[in-house]
Amino acid sequence: MLNMKIDLEHLSALAYLELTEEERKTLPSQMEKIIDWVGQLANLKMEEEEKYTPVEFSLRLEEDKIQESLPQEEVLAMSPAKDADFIKVPRVLQGK
Amino acid sequence: MKLFELGLVEAVSLVKKGEVRVVEIVEDYMARIEQEDQKIKAYLTYAFDKALARAREIDSKKEKGQLAGAIIAIKDNIVTKGIRTTCASRILENFIPPYNATVIDRLEAEDAVIIGKTNLDEFAMGSSTENSAFFPTRNPWDTERVPGGSSGGSAAAVAAFEAMAALGSDTGGSVRQPAAFCGVVGLKPTYGRVSRYGLVAFASSLDQIGPLTRSVEDCALITSVIAGFDRQDSTSSPLPVPDYPAEFKVPLSKIRVGVLDNNSLSGVSQEVISNYQEILKLIEGLGIEVQRMSFPSWEYALPCYYVIAPSEASSNLARYDGVRYGFRAESRELSEMYLKTRTLGFGSEVKRRILLGTFALSSGYYEAYYAKAAQARQAIARELAEAFKKVDFIVIPTTPEPAFKLGEKQDPISMYLQDYFTVAANLAGIPGLSIPSGFTNGGLPLGLQVVGRSFAESKLLKFAFLLEKNLNLKNNKYEMIIRGRRKNEK
C-alpha cells in the first residue's frame, strides 16, 4: 500500500517499549512484512463509506446510585509500592 | 470407570441423585492432574485447596445448583478472586485479583468447582500456546504437537481429562482452533451474549468468553449458565437467555446449510478437505438442503483483523505501567519506570502487536489502515448477513490444517493464517461452534465449524448435536486419547 520504512524507534517511544538486541534485529523486517500484508486492504473496493459497529442494541442508562467499590486496603495491596494510603512511584521530575 | 471420565451432564446428574460426592470427583481430578500435567502442562496454577473446600461446602448443601459436580478449568486471562491470574505474562506473574469475572460468579453460583487456571499465549495473542511467558502446553493427542491457541491450556486440559470442561476466550479463533486441534467442542458465542467483565481485555470489540467441553450437551449447559445481561458490561445483550439444554429435545425444523464451494478451499490441507467432504455427504444424507457458497471478502478478513485487533490491544495494554498492580521494574524516575516495566514485562509477540496497533492508529496512517479495516469489517459482516438470508448455518472447516509441531511456525504471518476460517465470526459478531469431526490418517483430531446468525446459539447447539450424534466419535474417546498420546511419548 504505502511504500515506506516504518520508524520503529518512534513507534516504540510512543508505546513506551524498548526493544531487545534480538528484537532490533528481527522486528523491522517482520513488521514491514506484516504491514505489507495488511496493506492488501487497499484493494478492497467499497461502495459505501459505512463502518462497522459491534453492538446493535441501544445502550441503557444506569441509575445514578452509589454502589460499593473495592475496599481501599485490597486495592493498595495490589500495588508494587505504597506509603500509608497512597500508591508510591519514583519521582516524576528529573533533576536533583 | 474413573470419575474423571464422567461427562459433565452425567456427573451433575449423579451428584444430584446423591450417588457421588463432589469431593470424590475433585480428588479424582487432583490425582489425574498430578499424573498427567507434567507431560501436558495445561495449567499455570492449580486451585486444589480452594476446590476441595468448595466441594465440601457443596456436598453439605441440601439444595444444589445446576452445576454441582462440574469441575472446571479457567483460562488464565479471566480473573478469579484470590487465585493468581497471569495472562501467561511476566507483567502479571504475581497478580492476585480482588474480584471475580462475572462468568466465575455465575459458575460458582450454580456450584461448579474451579480446579485451576490454564495456560495461553501471552494476553491471548497467538495460535499455539507457545507464546506463553512460562512454558508451552502440549497436545494430548501427540505431545510433539501444539494444542492450538490461544486457549491451548483449556483445550488440552479438557482433552486430557484434566478438567471436565473449561472456559476460554475467542478474539479471532482462540476457543475454536484449539478445540479442533485437541478434539473437543468449543463455542464462541455471539458478541454480547456472555459478559466480558473480568476478562482481561485484548481487543474489546472482538473478545468473547466461551466454553470448551467434551460434548455438545455439556457445552449447552455451561453456556446457559454463563450467558446473559450483566450491568458491569455495557456491551452485554439484554436479550433473554434460552434454556439451551431443554431446547435439545425440540427437533430442528427444515434447515438449509451453506457450504464452501471447491474454489474456497485452496491452500487447505488435503486431510482437512477430505474430512470436510465426508461431513458434507453426511449432512446431505440426513436430508438437509445444502447450498454451495463463496465469501470473496474473507480474503480481507485476516488483514482486517490484524489491523483492528492490534489497534485495540495497543490501547488496552497501555494500562500495564507498573503503578497499581502487576510487575514493576525498579527505576529512579517515573517515565523510565513505565518504559522498563513494559519492556521487561511483555514478550515479543505482545510487543509486536502493540507496535502494529500504535502504527495503525498513528497520525498519517489511520485512514489508510484502521479506517479501511473498519470498512472491510462492514463488508465481511454484510456478506455473511446476505448468506444468512438464504441458509440457517454455514458449515466450514475450523482450521486449514491439523495440529502442527512445536516450533514449526517461525514466521508470524504463517501463524496468523491459522485463523483463516474462524476470524470472520469475530469480525461480524456472530456465533461459531467447533465440534470434533474425525481424524487424520496419523490419528490427529480435526474440527468442523458451524456458524450461525447472531443470538442463534440454541439452533447452533441443536444442529451441532445432530452432527455429533451422527458422527458418533464419542465412543471410546478415552481409550483413543490414551492410544494417541502414547505414540510420541518419550
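Residues numbered from 1 in each chain as written. Chains lettered and ligands numbered in written order. Predicted model: local features only at pLDDT ≥ 70, side-chain atom pairs only at ≥ 80, totals over all residues.

> What should I look at first to understand the domain arrangement of chain B in this one?
When the parts come together, some accessible area is lost, and that loss is often what is quoted as the size of the interface. All names here are of chain B. Domain assignment breaks chain B into domain 1 (3-258 + 386-486) and domain 2 (299-375). In this assembly, 28 residues from domain 1 lie in contact with 23 residues from domain 2. When residues of the side of domain 1 that touches domain 2 are traced back to their parent elements, those giving at least two are α14 (412-416) and α15 (423-428). In terms of residue count, the dominant contributor to the side of domain 1 that touches domain 2 is α15 (three residues). Here the residues of the side of domain 1 that touches domain 2 are counted per class, giving 17 nonpolar, seven polar and four charged. (Domains from an automatic or database assignment. Contact = placed C-beta atoms within 7 Å. Helix = DSSP H or I, 4+ residues; strand = E, 2+ residues; numbered from the N terminus. Nonpolar A, V, L, I, M, F, W, Y, C, P; charged D, E, K, R; others polar.)

> Looking at this structure, I do not really get the packing of helix α10 (residues 301-316) of chain B against helix α13 (residues 367-390) of chain B. What am I missing?
Each pair of packed helices can be summarised by the angle the axes make with each other and by the distance between the axes. Residues and elements named next belong to chain B. Interaxial distance between α10 and α13 falls to 9 Å at its minimum, and their mutual angle equals 125°. When the axis of α10 is compared with that of α13, the two are oblique. As α10 runs across α13, the sense of the crossing is left-handed. Side by side, α10 and α13 meet where A301, C304, V307, I308 and S311 of the first sit next to Y369, Y370, A373, A376, R377 and I380 of the second. Here the contact of α10 with α13 is composed, by residue class, of nine nonpolar, one polar and one charged. (Axes fitted to C-alpha atoms, helices over the stretch in contact; angles between N-to-C directions. Parallel < 35°, antiparallel > 145°, perpendicular 65-115°, else oblique. Left-handed = near helix turned anticlockwise from the far one by under 90°.)

> Sorry, what's going on with the interface of chain B and chain A here?
Chain B puts 53 residues into the contact, and the matching count from chain A is 44 residues. Those elements that place two or more of their residues in the side of chain B that touches chain A are α10, α11 (334-345), α12 (348-361), α13 and α14 of chain B. With 11 residues, α13 of chain B is the largest single contributor of residues to the side of chain B that touches chain A. Residues of the side of chain B that touches chain A, tallied by class, amount to 28 nonpolar, 15 polar and 10 charged.

> Please clarify how the sheet that holds strand β1 (residues 43-46) of chain B should be interpreted in this entry.
Neighbouring strands of a sheet are bound in pairs by backbone hydrogen bonds; such pairs are parallel or else antiparallel. All names here are of chain B. The sheet built from 11 strands is open, its strands ordered β1-β3-β2-β4-β6-β5-β10-β11-β9-β7-β8 with mixed pairing. Two strands bound the open sheet, and with one partner strand each, they are β1 and β8 (289-293). Within this sheet the neighbouring strands show an average axis-to-axis angle of 25°, counted without direction. Inspection of the sheet shows strand β9 (residues 393-397) paired to strand β11 (residues 445-452) by five bridges, in the antiparallel sense. (Pairing = 2+ DSSP bridges.)

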